[in-house]
Amino acid sequence: MKIWTALLSVILLLIPAHGSAQETFDVIIRNGRVLDGSGNPWFSADVGIRGDHIAAVGDLSGARAEDEIDAAGLYVAPGFIDTHSHSGGGLVTQALSHARPLLAQGITTVFVNPDGGGPVDLSEQREDLMQYGLGVNTAQFVPHTSIRRQTIGMEARAPSPEELEEMKAWVRAGMEEGAWGLSSATFYAPGNYAGPGEIIALAEIVAEYGGAYQSHPRDESDYTIGVLAAAEEIIDVSRRTGIPVIVTHIKVLGPPVWGFSTALVRRIERARQEGYQVYADQYPYTASATGLTSALLPRWAQVGGRDSLLARLDDPDTLARIKEDMEENLARRGGADRIQFRRVQFEESLEGRTLDQVAEEWGVSPIDASVRLFRLGSPSIVSFNMHEADVRGLMVQPWTMTASDGDLVPWQVGVPHPRSYGTFPRKIRQYVVEEGLMDLASAIRTMTSLPANVFRMAERGMIRSGAMADVVVFDLARVLDLATYTQPHQLSEGMIHVFVNGEVAMRNGEFTGSLAGRVLRKGL
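Reading the values: rules and limits
- Residues numbered from 1 in each chain as written.
- Predicted model: local features only at pLDDT ≥ 70, side-chain atom pairs only at ≥ 80, totals over all residues.
- Heavy atoms only, no water.
- Core = buried A, V, L, I, M, F, W, Y, C linked by side-chain atoms within 4.5 Å.
- Buried < 20%, exposed > 50% of the residue type's maximum accessible area, 1.4 Å probe, protein only.
- Contact = heavy atoms within 4.5 Å.
- Axes fitted to C-alpha atoms, helices over the stretch in contact; angles between N-to-C directions.
- Helix = DSSP H or I, 4+ residues; strand = E, 2+ residues; numbered from the N terminus.
- Parallel < 35°, antiparallel > 145°, perpendicular 65-115°, else oblique.
- Left-handed = near helix turned anticlockwise from the far one by under 90°.
- Nonpolar A, V, L, I, M, F, W, Y, C, P; charged D, E, K, R; others polar.
- Salt bridge = Lys/Arg side-chain N within 4 Å of Asp/Glu carboxyl O.
- 1 Å grid on protein atoms, 1.4 Å probe; cavity = no way out; pocket = protein on both sides within 12 Å on 5 of 7 lines; lining within 4 Å.
- Points joined across faces, edges and corners; volume = space filled by probe spheres on them.
- Pairing = 2+ DSSP bridges.
- Right-handed = clockwise from strand over helix to strand, strands pointing away.
- Patch = residues over 30% accessible without salt bridge, like charges linked within 9 Å, V, L, I, M, F, W, Y side chains within 5 Å.
- Areas by Shrake-Rupley, 256 points an atom, 1.4 Å probe, with all protein chains shown as cover.
- Lys, Arg positive; Asp, Glu negative; His and termini not counted.
- Charge placed at Lys NZ, Arg CZ, Asp CG, Glu CD.

Engineer: Looking at this model, I keep getting lost on the nonpolar core. Mind explaining?
Structural biologist: Considering soluble globular proteins, one finds that nonpolar side chains tend to be buried as a cluster. Formed by 53 residues in total, the largest nonpolar core has its most connected members in Val171 and Phe455. With residues up to four places along the chain from it excluded, the contact list for Phe455 reads Thr83, Phe111, Phe141, Trp180, Ala212, Ile246, Met401 and Lys522. Within the second largest apolar cluster, 44 residues are counted, among which are Val382, Leu476, Val500 and Met506.

Here it is in structure tokens:
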């Protein structure tokens, strides 16, 4: 009996155990505080990466890897997903394809073509994105505004039946190419000229592919239908088609509607209680960014495009009507001292200055200064128009994701919104560490599993065995957004190691030059 017991003991010793010396990985991240993305508190574990997947999470003390990282005292989380990014234009260039401002924030996946913009041909865009390689993963939207402009131009009318069929064909082609949904911006021209029926007809195509609808609302203030009715218009797309909808960069803009966030939350909560999939995304700043044209010019003045606008500006009676509407729109923005120029290609000396400063220098009113600028081009601006209480109230909702609405621009060009460099670290530093508005696990959820679930990205957004190895390792004490409104070209700090599809994009806070990103295609 003793002999059999001894033999059994030897046999058991020879059987490999989980995490034993026989188990090997390409990378093991040891001793980290794992925030798995679910919103649950962190737990102590090792993370084993093999190829482009997470192969194991747990006690891997007996396992070995070619690359072992000691994450003691550090947090390990899924790579952050930015659901609203204007980085598509930068990523197709060799100079910006490495996406360093994004990686420095912990971003490993971006959704491009938001606000209805971007190329109509997604196949061609995908080839352009992969020409020089990608530092981050990229997911595409089908852009409604671009499709409408190509089909109808800048005309303020409904499409003919034939034109609507052409638009639907473009949406179908984009979804066939692996788009994750439809984006629109019914606030801007020419998207503003589209009625709700047009959007619903296109969203019905998206529903066939299990996609989502993301929209810049028709109104975020009281320009036209009002912020609450604009949210209802987006919600109605879910009612009519059943697809998830996202009120993108959710906000209440300008003094006339400050405090409306409470009513906005009630509208979305009511829709969700009725069974509709309604979400939002948000950047953690009290200033927005747009074009001076979009902020101040009435939409009727933009019908027909730039040549038509210039003709209207040259007609004294029409100009008087335009300026009257501009006065009201400027008041909605809180005044000329709340508008800062971020990019003025025809007069770079204006960048970083406010509209009231420029108007005073020129010896004219802010409205006349704006008209003078409109004759030269369309400056982009930062607009300080939100109230901090509204930002906080919308941020803590369980259906609000984190998104930058940021650009990927050449270093030191213009004075862009700091969200392009600091969105994700800012939310962690200011609203988790400093203010305690939300706990760290909940904040990470808004950046990882929540967007992955909204867009049905089954393999991303979680630290679990079998998930794609998009992983960030960060030092909470060092996470900091350095970008400011006047000095925005500053990379964030605190991300120690970043993995994109299993490859190291940042090691010990330094960029490796890896281009392991992919164009992610839904269903393909």
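Now that the structure has been shown, the text picks up again.
Engineer: What's the story with the packing of helix α11 (residues 306–314) against helix α14 (residues 366–376) in this structure? I'm lost.
Structural biologist: Helix packing geometry: the angle between the two helix axes and the distance between the axes. Put simply, α11 and α14 touch, their axes get as near as 10 Å, and they point 140° apart. Taken together, the axis directions place α11 and α14 in an arrangement best described as oblique. You can see that α11 and α14 cross each other, and the crossing is left-handed. The residues of α14 that touch α11, namely those facing Arg306, Leu310, Leu313 and Asp314, are Val371, Phe374, Arg375 and Leu376. Broken down by class, the residue content of the contact of α11 with α14 amounts to five nonpolar, no polar and three charged.

Engineer: Teacher, can you tell me more about the pattern of salt bridges here?
Structural biologist: If charged atoms from side chains of opposite charge come close, those side chains can pair. By the definition in use, this model includes 30 salt bridges. Of the charged contacts in the structure, one is a salt bridge between Lys168 and Glu165, with a shortest N-O distance of 3.4 Å. A residue pair is termed a helical-turn pair when its members lie 3 or 4 positions apart in one helix, as Lys168 and Glu165 do in helix α6 (residues 161–176) at three residues. The closest approach of N and O atoms between Glu208 and Arg172, which form a salt bridge, is 2.9 Å. Of the two residues, Glu208 sits in helix α7 (residues 196–208) while Arg172 sits in helix α6, which places them 36 residues apart along the sequence. A single salt-bridge network, built from bridges that share partners, covers Glu232, Arg239, Arg267, Arg270 and Glu274.

Engineer: Teacher, can you tell me more about the layout of surface pockets here?
Structural biologist: Empty space among the atoms can be located by rolling a probe the size of a water molecule over them. Estimated volume of the second largest pocket: approximately 240 Å³. Taken together, 14 residues form the lining of the second largest pocket, with Trp180, Glu459, Arg460, Leu520 and Arg521 sitting closest to its centre.

Engineer: In this structure, what is going on with the pairing of strand β8 (residues 107–112)? I would like to understand it.
Structural biologist: Along any regular strand, the residues point their side chains to alternate faces of the sheet. Among the six residues that make up β8, six are buried, leaving the element largely enclosed by the rest of the structure. As paired elements, strand β6 (residues 80–82) and β8 share three bridges and run parallel to each other. What sits directly across from Phe80, in β8, is Ile107. Assessed by its sense of winding, the connection that carries the chain from β8 through helix α4 (residues 122–130) to strand β9 (residues 137–140) is right-handed.

Engineer: What's the story with empty space enclosed by the protein in this structure? I'm lost.
Structural biologist: For the coordinates displayed, the defined rule picks out three cavities of 30 Å³ or more. By volume, the largest cavity is sized at about 50 Å³. In terms of lining, the largest cavity is formed by Pro78, Gly79, Ile81, Thr108, Thr109, Arg460, Gly461, Met462, Met468 and Asp470. Looking at the lining of the largest cavity, its residues break down into four nonpolar, four polar and two charged.

Engineer: Would you take a moment to explain a negative patch on the surface for this structure?
Structural biologist: A cluster of acidic residues, Asp121, Glu124, Glu127 and Asp128, forms a negative patch on the protein surface. Examined against the element boundaries, Asp121 turns out to sit in the loop between β8 and α4. You can call Asp121 partly exposed: its relative accessible area is 33%.

Engineer: Teacher, can you tell me more about the environment of Val252 here?
Structural biologist: Mapped onto the elements, Val252 comes out in the loop between β13 (245–247) and α9 (261–273). A relative accessible area of 1% places Val252 in the buried class. For Val252 and Val391, which are 139 residues apart along the polypeptide, the C-alpha to C-alpha distance reads 8.5 Å.

Nothing here speaks to function; it is geometry throughout.
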